[in-house]
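Single-letter residue listing:
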Amino acid sequence: MTARKVAIVTGSGTGVGAASALALARRGYDVVVNYSKSAAEAEGSAAACRAVGADALLVPGDVGDDGDCRAIVQAAVERWGRVDALVNNAGVTSFGGAANWDAIDAATFQRVVGVNALGAFQMIRAAAPHLKSAQGCIVNVSSIAGALGIGSSVAYIASKGALNAMTLYFARALAPEVRVNAVCPGLVTTRWFVDGIGAEGYEKLKAMYESRAPLGRASSADDVAEAVLWLVDGARSMTGELLLLDGGMHLGAAQAVQVPGR
């Protein structure tokens with residue numbers, strides 16, 4: 001068994017997942033870089049982790065498939081003999097919007113929930129025995145969609161609400177051996193929204209978001225990765241927490257009416 005700690009980061013070929021894998025590698029973790037479609041980008045993510053001294057194992061797999069989840073965990077155990085951290089980052093959405101929320105079909109809804117919620121459950125089930133042995137932790141990359149009921153589609157909102165609820169459940173069920181927390185970003189400045197709604201739509205959304213968030217900014221992938229790293233390698237007395245990382249959007253608009261003094 002390796003003396004170095006080991007982290008599995010699902011969906012770590014691009015965006016928040018890639019940034020989280022690299023942050024963990026810099027902290028001294030060996031890392032499983034998982035992807036389902038972005039093979040070339042995942043190779044780059046793994047190479048970046050190796051460049052800072054980590055052993056990085058590239059493992060393809062769709063977390064919506066239970067067999068793939070078990071194979072991802074088994075690959076880590078065969079390579080290093082342990083799993084200390086699981087970061088459930090893999091996610092998909094359907095950009096439906098509020099105006100035509102009822103246009104989504106059942107297959108799309110089930111796919112979104114199947115990856116974002118069921119996929120996280122399947123990864124936790126596969127990794128739990130190893131995480132317990134290591135006194136490890138789980139970080140679910142959720143969204144303010146699950147807390148505020150806003151987001152790219154009703155399926156995505158439902159999936160992240162389920163993920164938040166599971167975070168609380170598993171914080172109880174896996175205690176005291178395993179800590180379980182979630183980070184819930186708002187708008188993140190990655191290609192996720194550009195791919196989904198186009199560059200023009202993304203710029204409009206970003207401008208609107210930043211005009212309403214009290215801090216006046218969206219988060220970068222590195223911002224989210226810093227929070228993930230802290231929940232993995234710090235926060236020793238924290239479990240069952242849903243960490244909102246949204247520039248204060250959950251507080252309401254920065255221009256909200258203030259009650260005047262006398």
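Above: the structure in question.
Residues numbered from 1 in each chain as written. Predicted model: local features only at pLDDT ≥ 70, side-chain atom pairs only at ≥ 80, totals over all residues. Heavy atoms only, no water.

Peer 1: I'm lost on the overall build of the protein in this one. Help?
Peer 2: Broken down by element type, the protein carries eight helices and seven strands. Over its C-alpha trace the protein gives a radius of gyration of 18 Å, about what one expects of a compact globule, namely 18 Å for 262 residues. Per-residue burial for the protein yields a buried fraction of 46% across its 262 residues. Taking as baseline every contact in the protein between residues at least 6 positions apart, the subset at least 24 positions apart corresponds to 75%. Entry remark: accessible area of the protein is about 11,900 Å², with carbon and sulfur atoms responsible for 55%. The positive charge centre, built from 22 side chains, and the negative charge centre, built from 23, are 6 Å apart in the protein. (Helix = DSSP H or I, 4+ residues; strand = E, 2+ residues; numbered from the N terminus. Rg over C-alpha atoms; globule rule 2.2 N^0.38 Å. Buried < 20%, exposed > 50% of the residue type's maximum accessible area, 1.4 Å probe, protein only. Contact = heavy atoms within 4.5 Å. Areas by Shrake-Rupley, 256 points an atom, 1.4 Å probe, with all protein chains shown as cover. Lys, Arg positive; Asp, Glu negative; His and termini not counted. Charge placed at Lys NZ, Arg CZ, Asp CG, Glu CD.)

Peer 1: Where do I start with the side chain of Asp30 in this structure?
Peer 2: Within the secondary structure, Asp30 sits in strand S2 (residues 30-35). Overall, Asp30 belongs to the buried group, its relative accessible area being 3%. Side-chain polar atoms of Asp30 contact the side chain of Arg4, separated by 2.8 Å. (Polar contact = N/O pair within 3.5 Å; in protein donor to acceptor, adjacent residues only side chain to side chain.)

Peer 1: Would you mind showing me how to read the sheet that holds strand S7 (residues 242-245) here?
Peer 2: Hydrogen bonding along the main chain pairs the strands of a sheet, whether they run parallel or antiparallel. Taken in spatial order, the seven strands of this open sheet run S3-S2-S1-S4-S5-S6-S7, and their pairing is parallel. Only two strands of the sheet have a single neighbouring strand rather than two, namely strand S3 (56-60) and S7. Averaged over all pairs of adjacent strands, the angle between their axes in this sheet comes to 15°, without regard to strand direction. Here five bridges tie strand S5 (residues 137-141) to strand S6 (residues 179-185), and the two strands are oriented parallel to one another. Bridging across to S6, Val141 finds its partner in Val183. (Pairing = 2+ DSSP bridges. Axes fitted to C-alpha atoms, helices over the stretch in contact; angles between N-to-C directions.)

Peer 1: How do you make sense of helix H8 (residues 221-233) when you look at a structure like this?
Peer 2: One full turn of an α-helix is made of 3.6 residues, so residues set three or four places apart face in the same direction. Between its terminal C-alpha atoms H8 stretches 18 Å, which fits the 18 Å expected from 13 residues at 1.5 Å a residue. Residues of H8 that are buried in the fold lie against helix H1 (15-26), strand S4 (85-88), S5, S6 and S7. Once H8 finishes, Ala235 follows within two positions and takes phi at roughly 45°, a positive value. (Expected span 1.5 Å × (residues − 1).)

Peer 1: It is not clear to me how the side chain of Ser219 should be interpreted in this structure. Could you clarify?
Peer 2: In this fold, Ser219 is placed in the loop between helix H7 (191-212) and H8. Judged by relative accessible area, Ser219 falls into the buried class, the value being 7%.

Peer 1: For this particular structure, what's the right way to read the pairing of S4?
Peer 2: On any regular strand, side chains alternate: one points to one face of the sheet, the next to the other face. What you see with S4 is no split at all: Ala85 and Val87 on one side and Leu86 and Asn88 on the other are buried throughout. Strand direction decides the pairing type here: strand S1 (residues 6-9) and S4, joined by three bridges, are parallel. Across the sheet, Val9 pairs through a bridge with Val87, a residue of S4. In this structure, S4 lies alongside S5, joined through four bridges in parallel fashion. Residue pairing across strands places Leu86 opposite Ile138, the latter belonging to S5.

Peer 1: Quick question: what am I supposed to make of the pattern of salt bridges here?
Peer 2: As a working rule, side chains carrying opposite charge can pair if their charged atoms are close by. If you walk through the whole model with that rule in mind, you get ten salt bridges. Note that Asp30 and Arg4 form a salt bridge whose closest N and O atoms lie 2.8 Å from each other. Here Asp30, found in strand S2, pairs with Arg4, found in the segment before S1; they are 26 residues apart in sequence, far enough to count as distant. Between Arg27 and Asp233 there is a salt bridge, and its shortest N-O distance comes to 3.0 Å. Taken together, the residues span a long stretch of sequence, with Arg27 in the loop between H1 and S2 and Asp233 in helix H8 at a distance of 206 residues. Within this structure, Asp66, Arg70 and Arg125 form a network of salt bridges that share partners. (Salt bridge = Lys/Arg side-chain N within 4 Å of Asp/Glu carboxyl O.)

Peer 1: What should I look at first to understand the packing of helix H4 (residues 106-134) against helix H6 (residues 154-173) in this one?
Peer 2: When two helices pack together, their arrangement is captured by the angle between the axes and the distance separating the axes. The N-to-C vectors of H4 and H6 enclose an angle of 15°; their axes lie 8 Å apart at closest approach. Taken together, the axes of H4 and H6 are roughly parallel relative to one another. When the axes of H4 and H6 are compared, the crossing they make is right-handed. Mapping the contact onto sequence places Phe109, Val112, Val113, Asn116, Ala117, Ala120, Phe121 and Ile124 in H4 and Val154, Ala155, Tyr156, Ala158, Ser159, Lys160, Ala162, Leu163, Met166 and Phe170 in H6. (Parallel < 35°, antiparallel > 145°, perpendicular 65-115°, else oblique. Left-handed = near helix turned anticlockwise from the far one by under 90°.)

Peer 1: It is not clear to me how the state of the cysteines should be interpreted in this structure. Could you clarify?
Peer 2: Structurally, a disulfide amounts to a covalent bond that connects the sulfur atoms of two cysteines. Evaluation of the coordinates by the stated rule reveals zero disulfides. Cys69 forms no disulfide, and the closest cysteine sulfur to it belongs to Cys137, at a distance of 18 Å. Cys137 takes part in no disulfide bond, and the closest cysteine sulfur to it belongs to Cys184, at a distance of 16 Å. With relative accessibility at 4%, the residue Cys137 sits in the buried group. (Disulfide = S-S within 2.5 Å.)

None of the figures reported here should be taken as evidence of function without further support.
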